[in-house]
Amino acid sequence: MRALFPGSFDPVTQGHQDVLRRAALLFDEVVACVMFNSNKTGRFPIAERLDRLRAAATDLSNVTVDSYTDGLLVDYCRQVGIDVVVRGVRGVADLDYEMPMARMNHELAGVETFFLAADPALAHISSTLVTTMSQQDPAPNADSSELLPAGEGGSEG
């Protein structure tokens, strides 16, 4: 079974990498796909996000990386024959945000959503938080590189 792990991945975080690793254990193939999110202003170009996703998935032989910015998630799923979307959730707020989309994806195209609970040690990490931290004046003990996958430290600031 193939699954889609969509996101803006701006930037890729340890939380994304953890969900991707765990999804790769559950599905035959996982496509990590950079998608457009109208609620977010992209900080990194799509090509750089794709490179960072590939680096995060280096040891995962059943993970491929793609991008799709020309339509809805369900349009991409139809085009590539994927029926399951994987979403990492950190808490109730994430579920409140994700559930209506999961219902609509199912209604529009029969796409199921598989929710993976975030690792508690990583549940506080979000791309928005990493971006905000890296844009602020350095505060004592504030190093956003620790929130990124191994090998990407220092590339945020």
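Residues numbered from 1 in each chain as written. Predicted model: local features only at pLDDT ≥ 70, side-chain atom pairs only at ≥ 80, totals over all residues. Heavy atoms only, no water.

Peer 1: Give a description of the overall build of the chain that names residues and reports values.
Peer 2: Of regular secondary structure, the chain possesses 5 helices and 5 strands. When the helices and strands of the chain are read in sequence order from the N terminus, they spell out β-α-β-α-β-α-β-α-β-α. Counting every position in the chain, which comprises 157 residues, the buried fraction comes to 43%. Summarising the internal contacts of the chain: among those between residues at least 6 apart in sequence, 76% fall at separations of at least 24. Of the roughly 8,600 Å² of accessible surface on the chain, 53% is carried by carbon and sulfur atoms. (Helix = DSSP H or I, 4+ residues; strand = E, 2+ residues; numbered from the N terminus. Buried < 20%, exposed > 50% of the residue type's maximum accessible area, 1.4 Å probe, protein only. Contact = heavy atoms within 4.5 Å. Areas by Shrake-Rupley, 256 points an atom, 1.4 Å probe, with all protein chains shown as cover.)

Peer 1: How would you summarise the packing of aromatic side chains if you had to cite specific residues and measurements?
Peer 2: Throughout the structure, instances matching the rule amount to 3 aromatic pairs. Between Phe 5 and Phe 9 the ring centres are 5.3 Å apart and the planes differ by 75 degrees, which places this aromatic pair in the edge-to-face class. Residue Phe 5 shares its accessibility class with Phe 9, and that shared class is buried. Pairing Tyr 68 with Tyr 76 gives two aromatic rings, centres 5.3 Å apart and planes at 50 degrees, and the pair type is tilted. Residue Tyr 68 is classed as buried on the basis of its relative accessible area of 11%. Of the residues examined, Tyr 76 reaches a relative accessible area of 4% and is grouped as buried. (Phe/Tyr/Trp six-rings, centres within 6.5 Å; stacked < 30°, edge-to-face > 60°.)

Peer 1: Tell me what's going on with helix α4 (residues 92-109), and back it up with residues and numbers.
Peer 2: End to end, α4 covers 25 Å across 18 residues, agreeing with the expected 26 Å (1.5 Å per residue, within 8%). Along α4, the sharpest change in direction is near 30 degrees and occurs at Glu 98; proline Pro 100 comes one to four residues later. Those residues of α4 not exposed but buried are Asp 94, Glu 98, Ala 102 and Asn 105. Along its buried surface, α4 packs onto α3 (73-80), β4 (84-89) and β5 (112-117). (Expected span 1.5 Å × (residues − 1). Bend = angle between axes of the 7 residues up to and from the residue.)

Peer 1: A description of unusual backbone geometry should follow, citing residues and the corresponding values.
Peer 2: A cis amide bond links Asp 10 to the next residue, Pro 11, at an omega of 5 degrees. Turning to its location among the elements, Pro 11 is positioned in the loop between β1 (2-7) and α1 (14-26). Phi angles above zero are rare outside glycine, and Phe 9 is one such case at about 50 degrees. For Phe 9, the position within the fold is in the loop between β1 and α1.

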